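# Summary of the model geometry
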Amino acid sequence: MTDMVVRGGSIVTPDGVLRADLAIEDGRFSGLAEELPGCACEIDARGLTVFPGLIDVHVHFNEPGRTDWEGVATGSRALAAGGGTMFFDMPLNSSPCTLDGASYDCKLAALEKSSVTDFALWGGLVPANLQSLDELANRGVIGFKAFMCDSGLPEFPRADDLTLYEGMRSAARLGFPVAVHAESEELTHELSARIRASGRCAIKDYLESRPVLAEVEAIQRATLIAEETGARLHIVHISSGRGVVKAAEARARGVDVSIETCPHYLYFTAEDLERIGAVAKCAPPLRSAADREDLWTRLREGDVDIVASDHSPASPELKTDPDFFCVWGGIAGVQSTLAVLIDAGLPPVHIARLTAENPARRFGLGYKGRIAPGYHADFCLVEMDAVFTLRGEDLLYRHKISPYAGSSFRGRVVRTVSRGKTIYG
């Protein structure tokens, strides 16, 4: 028996946008056609666009251990408010970090209690846990995450080249992807040390310490190691068109690499960072307007696979140090990914590919990522022409701070449904 019918929406499918009804049964799509039979539970979607639920492959909800920064209860609700139905939580900001089977079990138990959306967990890849990758794989991690530069947390040290090489060999044997934060430690560390030694610590000085070259060089090195080991590589939060080009070149020669960027690199510039301040600090940093346009070009031409939020919040006091190098880096943005892409005029099919279909395909979620019979009934309803200004009080984060607050967007999420149940709206 049909449990729900979504009536008359513009359905975003891989083949185009269709005006049709959707039937849902036991938490899955069971029918897609014009004028489906009536049902006791119906959602009127006429005039609305129906997107597959966003799968955000890169968030930091910081639970357990740092729920004063965010926590999954607030983080997952904010994701749902932005049209999301699944997230992949990163391994480093929780305490303990997700570096072995015991820490995975601890985190899984914490998240199962509070999340309103589906989720998966990244395991860490650091010099001391190479022997624990098998047990993390057996627990069900989505993949392994490594930093090629200082993560900012002593308990999650960067992976040197040997660690990355040995970790990718193990990941290839296990059949799991490796995600890397690709910035050169040699460049960023030495530039930062030189700049700070001269007494400079302003926003422009921080930007100078992390040039695009640091990203491009690290991407080149990571793809070379992936090519040598046969590992599946996922490069997170690429901030520049040049970085995308370097990764795409590796893919063209046969390296199994996927390319992720974030909405803040598509929306803000380095000039915005100087205007907004600490709330917009991230690493890699925001780039010039020319770099941003180059990134958009690469995305529109299909070189970018995934857009993820890299939601990385912190308590407000960590954003107040007068030394900008000491300000905690991370942007709170899990609620705004879809709004950024819609407002930019990207076609709905392309948006769905970047935020749902490609994440599901890349990470082996065969039952998610598209609106089609048999798939999980994960979707959001969007009023495409609605214009709204994001206010701090609209944010469902633990701390109502985000560089997107005060910005106006076109495209408002009015309802989000996960496995046939409304989780927002």
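Look above for the structure.
Residues numbered from 1 in each chain as written. Predicted model: local features only at pLDDT ≥ 70, side-chain atom pairs only at ≥ 80, totals over all residues. Heavy atoms only, no water.

## Re the overall build of the protein
Of the regular secondary structure elements, the protein holds 13 helices and 16 strands. Taking 2.2 N^0.38 as the reference for a compact globule, 425 residues should give roughly 22 Å; the C-alpha atoms of the protein span a radius of gyration of 21 Å, in line with that estimate. Projected onto the principal axes, the alpha-carbon positions of the protein cover approximately 70 × 45 × 40 Å. Within the span of the protein, comprising 425 residues, buried residues form 61% of the whole. Accessible surface, the protein: about 15700 Å² in total, of which carbon and sulfur atoms supply 49%. Within the protein, one finds 44 positive and 58 negative side-chain charges whose respective centroids are separated by 1 Å. (Helix = DSSP H or I, 4+ residues; strand = E, 2+ residues; numbered from the N terminus. Rg over C-alpha atoms; globule rule 2.2 N^0.38 Å. Buried < 20%, exposed > 50% of the residue type's maximum accessible area, 1.4 Å probe, protein only. Areas by Shrake-Rupley, 256 points an atom, 1.4 Å probe, with all protein chains shown as cover. Lys, Arg positive; Asp, Glu negative; His and termini not counted. Charge placed at Lys NZ, Arg CZ, Asp CG, Glu CD.)

## A word on the nonpolar core
Phe144, Leu164, Met168, Val180 and Ile235 are the most contacted members of the largest nonpolar core, which has 90 residues in total. Listed in part, the 25 residues of the second largest apolar core include Leu92, Trp122, Trp328 and Leu365. (Core = buried A, V, L, I, M, F, W, Y, C linked by side-chain atoms within 4.5 Å.)

## Focus on the packing of helix H8 (residues 241-252) against helix H11 (residues 289-300)
Their axes nearest at 7 Å, the elements H8 and H11 cross at an angle of 35°. On H11, the residues touching Gly241, Arg242, Val244 and Val245 of H8 are Asp291, Asp294, Leu295 and Arg298. Here the contact of H8 with H11 is built from residues that sort into 3 nonpolar, 1 polar and 4 charged. (Axes fitted to C-alpha atoms, helices over the stretch in contact; angles between N-to-C directions. Contact = heavy atoms within 4.5 Å. Nonpolar A, V, L, I, M, F, W, Y, C, P; charged D, E, K, R; others polar.)

## Concerning the pairing of strand S14 (residues 379-389)
Of the strand pairs in this sheet, strand S5 (residues 49-52) and S14 are connected by 4 bridges, and their pairing is antiparallel. Among the inter-strand pairings, Pro52 is bridged to a residue of S14, identified as Phe379. Two strands pair when backbone bridges link them, and S14 and strand S15 (residues 408-418) are joined in this way by 8 bridges, in the antiparallel orientation. Residue pairing for S15: Cys380 is matched across the bridge by Thr416. (Pairing = 2+ DSSP bridges.)

## A look at the packing of aromatic side chains
The tally for this structure, following the rule as stated, stands at 17 aromatic pairs. With centroids separated by 5.9 Å and ring planes inclined at 80°, the aromatic side chains of Tyr206 and Phe325 adopt a geometry described as edge-to-face. Within this pair, whereas Tyr206 is found in helix H6 (residues 203-209), its partner Phe325 is found in the loop between strand S13 (306-307) and helix H12 (337-343), the two being separated by 119 residues in sequence. Under the relative-accessibility criterion, Tyr206 is labelled buried at 4%. Consider the rings of Phe388 and Phe409, whose centres lie 5.9 Å apart with planes at 40°: the pair is tilted. Taken together, the residues span a long stretch of sequence, with Phe388 in strand S14 and Phe409 in strand S15 at a distance of 21 residues. The class of Phe388 is partly exposed, set by a relative accessible area of 21%. Grouping aromatic residues by their ring pairs yields a cluster made of Tyr267, Phe268, Phe388, Tyr404 and Phe409. The ring of Tyr206 has Lys281 sitting right over it, with the charged end atom 4.5 Å from the ring centre. (Phe/Tyr/Trp six-rings, centres within 6.5 Å; stacked < 30°, edge-to-face > 60°. Lys NZ or Arg CZ within 6 Å of the ring centre and 35° of its normal.)

## Here we look at the packing of helix H1 (residues 72-81) against helix H2 (residues 101-114)
Where H1 contacts H2, the axes come no closer than 9 Å and their chain directions differ by 55°. One finds that H1 runs oblique with respect to H2. Handedness of the crossing formed by H1 with H2: right-handed. Between H1, through Val72, Ala73, Ser76 and Arg77, and H2, the contact on the second element is made entirely by Ala110, Leu111 and Ser114. (Parallel < 35°, antiparallel > 145°, perpendicular 65-115°, else oblique. Left-handed = near helix turned anticlockwise from the far one by under 90°.)

## Points about the side chain of Thr74
Locating Thr74 in the fold gives a position in helix H1. Within the local environment of Thr74, its side chain forms a polar contact with the side chain of Glu70, the two groups lying 2.5 Å apart. Here Thr74 is in contact with Leu396, Tyr397 and Arg398, once residues within four sequence places are set aside. (Polar contact = N/O pair within 3.5 Å; in protein donor to acceptor, adjacent residues only side chain to side chain.)

## Things to note about the environment of Ala405
By the element assignment, Ala405 lies in the loop between S14 and S15. Overall, Ala405 belongs to the partly exposed group, its relative accessible area being 31%. Taking the C-alpha atoms as reference points, Ala405 and Leu318, 87 residues apart in sequence, are found 19 Å from one another. For Ala405, the residues in contact, after removing those within four places along its chain, are Leu390 and Gly392.

## Quick word on the pattern of salt bridges
A full pass over the atoms with the stated rule returns 32 salt bridges. For Arg253, the salt bridge is made with Glu227, and the minimal N-O distance between the two is 3.0 Å. Placement of Arg253 in the loop between H8 and strand S12 (257-261) and of Glu227 in helix H7 (residues 212-229) is noted, with a sequence separation of 26 residues between them. Its relative accessible area of 44% is what places Arg253 among the partly exposed residues. Using a relative accessible area of 39% as the deciding quantity, one classes Glu227 as partly exposed. Salt bridges sharing common partners tie together Asp118, Lys368, Asp378 and Arg419. (Salt bridge = Lys/Arg side-chain N within 4 Å of Asp/Glu carboxyl O.)

## With respect to the sheet that holds S13
Strands sit in the order S6-S7-S8-S9-S10-S11-S12-S13 across an open sheet of 8 strands; the sheet is parallel. The open sheet terminates on both sides in strands that have one partner only, identified here as strand S6 (54-59) and S13. Of the strands in this sheet, strand S7 (84-89) and strand S8 (118-124) are in contact with H2, which crosses S8 at around 160°. Strands strand S9 (143-147), strand S10 (178-181) and strand S11 (233-235) of the sheet are contacted by helix H4 (residues 161-174), whose axis makes an angle of about 150° with S10.

Nothing here speaks to function; it is all geometry.
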